[in-house]
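Coordinate inspection notes
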Amino acid sequence: MADYANPDVLVSTDWVEEHIDDPDIVIVESDEDILLYEIGHIRNSVKFDWQTELQDQLVRDYVSREDFEVLLSEKGISNDHAVVFYGDRSNWWACYAFWTFKVLGHEKCLIMDGGRQKWVDEGRDMVKEVPEMPKTDYKVSAVDESIRAFRDDVLGHMNSGRPLVDVRSPKEYSGELLHMEAYPQEGALRGGHIPGAVNVPWATAANENGTFRSADELVEIYEEGQGLSKDQDVIAYCRIGERSSHTWFVLTYLLGFENVRNYDGSWTEWGNLVRAPIEK
């Protein structure tokens, strides 16, 4: 991990096992499959449901500042805690939770490299008991939306020719697959991609065991392969912002890009917008 731009933000499964009982650490599991936590989880870890807890239930948005304060207080997370995120799907939703925490200003955020898959593959202990965490009085100090892109930002980005990274599968990018069959609630009326966007599927950055690829491999994929540079203003998107948060994490923390934003509206917004241009 030493070759990454910010190696301290990534921790190993060994490190997490050594710090399970550390009172300064809170371990958070965030999965696409919301039932996995109940089947078994890392001892002392708390569950975050990305759909019901990290997203507003009326407005399409992440959770409000006030609700985030209540949520973290009830979960036993304080402003001083270092929060270690892990989950399924090579840390898709762990990275989304990490990104949400960063938008809402939490300082100490870490990712367990390899996520849930690596922990299970290594035969490490899993429990079903839910930890009883003492409540805190969490306060959001500042909201940072500099790492978030909205549709008008994307339109301006597109018109100025600045780099857009579509992290979906090649068939989603080409317009062959609308994704309605697997995720009907996340569909779009049109298939294709935002004009000018390059396609770098999120999984390109992950190894088969769920860990992140080496720094050299990531440089080859994004900088040498796509001509992206660390000083550029880059926007990443996918379908609803979860896969692109994985790429946002890779570019920002592992490669050290200075200005990367996650467009969480992504294709479910852009593909349904009246008069929004697309390419196939």
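You'll find the structure just up there.
The structure displayed is predicted, hence computed values, not measured ones. Sequence order sets the numbering: in each chain, residues are counted from 1 along the sequence as written. With the structure being a predicted model, the display of local features is reserved for residues of pLDDT at least 70 and the display and counting of side-chain atom pairs for 80 or more, all residues being used for whole-chain, interface and lining totals. Neither water nor hydrogens contribute to the side-chain values; these are computed over all heavy atoms in the structure.

Right, let's get into the overall build of the protein. Check the secondary structure of the protein and you find ten helices and nine strands. Radius of gyration: over C-alpha atoms. The globule rule applied is 2.2 Å multiplied by the number of residues raised to the 0.38 power. Taken against the 2.2 N^0.38 rule, which gives 19 Å for 280 residues, the C-alpha radius of gyration of the protein at 18 Å falls within 12% of a compact globule. Overall size of the protein, expressed as C-alpha extent along the three principal axes, is 50 × 40 × 35 Å. Buried positions account for 54% of the 280 residues belonging to the protein. Labels follow the DSSP assignment, with helices taken as runs of H or I lasting at least four residues and strands as runs of E lasting at least two, numbered in each case from the N terminus. Each residue's exposure class comes from its accessible area (1.4 Å probe, protein chains only) as a fraction of the maximum for that residue type: buried when under 20%, exposed when over 50%, partly exposed otherwise.

In spatial order, the strands read 1-5-4-2-3; together these five strands make up an open sheet with parallel pairing. Two strands bound the open sheet, and with one partner strand each, they are strand 1 (10-11) and strand 3 (45-47). Criterion used throughout: strands pair if DSSP finds at least two bridges between them.

The term nonpolar core refers to a set of buried residues drawn from Ala, Val, Leu, Ile, Met, Phe, Trp, Tyr and Cys, joined through side-chain atoms within 4.5 Å. Phe-85, Phe-101, Tyr-222 and Phe-249 are the most contacted members of the largest nonpolar core, which totals 58 residues. Put simply, the parts of the chain that give this core at least two residues each are strand 2 (25-29), helix 3 (65-75), strand 4 (82-86), helix 4 (92-103), strand 5 (109-112), helix 8 (215-224), strand 8 (233-237) and helix 9 (242-254). Residues contacting Phe-85, with those up to four places away along its chain left out, are Val-28, Ala-94, Ala-97, Phe-98, Phe-101, Cys-109, Leu-110, Ile-111 and Met-112. Whether two residues are in contact is decided by their heavy atoms: any pair within 4.5 Å suffices.

Cavities and pockets were defined on a 1 Å grid built from protein atoms only: a cavity is a group of points that admits a 1.4 Å probe but offers it no way out, a pocket is an open group of points flanked by protein on both sides within 12 Å along at least five of seven lines, and a lining residue is one with an atom within 4 Å of any such point. Grid points are joined across faces, edges and corners, and a volume is the space filled by probe spheres set on the points. A full pass over the atoms with the stated rule returns two cavities of 30 Å³ or more. Approximately 30 Å³ is the volume attributed to the second largest cavity. Residue lining of the second largest cavity: Glu-29, Asp-31, Asp-33, Ile-34, Tyr-37, Lys-47, Phe-48 and Asp-49, and that is the complete set. In this classification, Asp, Glu, Lys and Arg are treated as charged, Ala, Val, Leu, Ile, Met, Phe, Trp, Tyr, Cys and Pro as nonpolar, and every other residue, Gly included, as polar. For the lining of the second largest cavity, the residue count by class is three nonpolar, no polar and five charged.

To continue, consider unusual backbone geometry. The residue Asn-91 is not glycine, and still its phi comes out positive at about 75 degrees. You can see Asn-91 is positioned in the loop between strand 4 and helix 4. Its relative accessible area of 0% is what places Asn-91 among the buried residues.

What follows covers helix 6 (residues 151-160). Within helix 6, the full set of buried residues consists of Val-154, His-157 and Met-158. In an axial view of helix 6, the angular spread of the buried residues amounts to 95 degrees, which keeps them on one side of the axis. Exposed residues on helix 6 whose side chains face more than 90 degrees from its buried face are Asp-152 and Asn-159. Structurally, helix 6 contributes buried residues whose contacts are with strand 6 (164-166), strand 8, strand 9 (259-263) and helix 10 (266-270). Each direction from the helix axis to a C-beta atom contributes to the arc, which is the arc of those directions.

Quick look at the pattern of salt bridges now. It is possible for side chains of opposite charge to pair when their charged atoms get near one another. For this analysis, a salt bridge means a side-chain nitrogen from Lys or Arg found within 4 Å of a carboxyl oxygen belonging to Asp or Glu. Counted by the stated rule, this structure contains 22 salt bridges. In this structure, Asp-21 and Arg-43 form a salt bridge, with 2.8 Å as the shortest nitrogen-oxygen distance. Of the two residues, Asp-21 is situated in the loop between helix 1 (13-18) and strand 2 and Arg-43 in the loop between helix 2 (36-39) and strand 3; the sequence distance between them amounts to 22 residues. For Asp-21, a relative accessible area of 55% puts it in the exposed group. For the salt bridge of Arg-148 with Glu-145, the shortest nitrogen-to-oxygen distance reads 3.6 Å. Note on Glu-145: relative accessible area 37%, which makes it partly exposed. A cluster of three or more residues bridged by salt bridges with shared partners is formed by Asp-14, Glu-17, Lys-118, Glu-122 and Arg-124.

Here a patch means residues that are over 30% exposed by relative accessible area and free of salt bridges, tied together within 9 Å if like-charged and within 5 Å if nonpolar (Val, Leu, Ile, Met, Phe, Trp, Tyr). Note on areas: Shrake-Rupley, 1.4 Å probe, and residue coverage restricted to the protein chains presented here. Only four residue types enter the tally: Lys and Arg on the positive side, Asp and Glu on the negative side; His and the chain ends are excluded. A single reference atom marks each charge: NZ on Lys, CZ on Arg, CG on Asp, CD on Glu. On the surface, a cluster of negative charge is contributed by Asp-3, Asp-216, Glu-220 and Glu-224. Within the fold, Glu-220 resides in helix 8.

A few words now on the sheet that holds strand 6. Taken in spatial order, the four strands of this open sheet run 7-6-8-9, and their pairing is parallel. Sheet topology places strand 7 (198-199) and strand 9 at the edges, where each strand pairs with a single neighbour. Looking at chain direction, strand 8 and strand 9 are connected through five bridges and run parallel. Bridged to Asp-233 within strand 9 is Asn-259.

Moving on, we get to the layout of surface pockets. Roughly 450 Å³ of internal volume is contained in the largest pocket. Forming the boundary of the largest pocket are 23 residues, of which Gln-55, Arg-60, Asp-61, Ile-240 and Asp-264 lie nearest the centre. Looking at the lining of the largest pocket residue by residue, the classes come out as eight nonpolar, seven polar and eight charged. In this structure, the second largest pocket occupies an estimated 180 Å³ of space. What lines the second largest pocket is a set of 14 residues, among which Asp-22, Pro-23, Ile-25, Val-26 and Met-133 lie closest to the centre. Taken together, the residues that form the lining of the second largest pocket break down as seven nonpolar, four polar and three charged.

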